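# Inside the fold
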Amino acid sequence: MVMRIVSRRLVCCVIVVIAWLLAPSVAISATFTAASCSLTNVQECVNGTGVCSGLANGDTINIPAGACTWNGTLTIDGSKFFTLAGPGVSALTITDGIDRTSGGQKFLIIFIPKVGGLARITGFTIDGASGSDCCGGSLIVNGGDTRSSTWRIDNMKFLGKR
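Residues numbered from 1 in each chain as written. Predicted model: local features only at pLDDT ≥ 70, side-chain atom pairs only at ≥ 80, totals over all residues. Heavy atoms only, no water.

## Observations regarding the pattern of salt bridges
Going by this rule: Every case where a carboxyl oxygen of Asp or Glu lies within 4 Å of a side-chain nitrogen of Lys or Arg is listed as a salt bridge.
By the definition in use, this model includes three salt bridges. One network of salt bridges, with partners in common, ties together R120, R152 and D154.

Right, here's the structure in full:
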């Protein structure tokens, strides 16, 4: 009788352990916030340095509310997939301040999605009103394998020429 109870408990414990081992793991993602909406602070986070040290696949980078002019390019190089999120189109405006008078293709954001997870840009306004109609634009999805990667750009507002 005692042996039967022990055997049943042992079988139950083994089943629970096997089920736990075979269950899909739940990924826990982190949320980081850039120090400001400046290009330097946002690029630092995208690179996984500074206040965003430890950025991993599936994490979120929040850009704080405000209005910033970017005079250079934010490059999301495809080394990780993450969400780059503003607080909403009415709360954050990034103005394209890139000088395009010298020609050549220049973009405000170069987005190279990583294969293997969702890369996302969401929740802010890009004002491309400055400069001429020449040479580039506000955002380009480029490089990598854009057909087999999963990426999304949503809840954005685009103003101006770009």
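## Some words on the sheet that holds strand 6 (residues 92–96)
Going by this rule: The rule for pairing is simple: two strands pair if DSSP sees at least two bridges between them. Runs of E in the DSSP output that reach at least two residues are strands. Runs of H or I that reach at least four are helices, and both are numbered from the N terminus. Axis angles are defined between N-to-C directions and span 0 to 180 degrees, where every axis is a line fitted to C-alpha atoms and, for a helix, only to the segment in contact.
Overall, parallel pairing links the four strands, which are arranged 3-6-9-12 in an open sheet. Whereas interior strands pair on both sides, the edge strands pair on one side only; in this sheet they are strand 3 (66–70) and strand 12 (157–160). Strand-to-strand twist across the sheet, computed as the mean angle between neighbouring axes with direction ignored, equals 20°. Across three bridges, strand 6 lies against strand 9 (residues 125–128) in parallel orientation. Paired with I94 across the strands is I126, a residue of strand 9.

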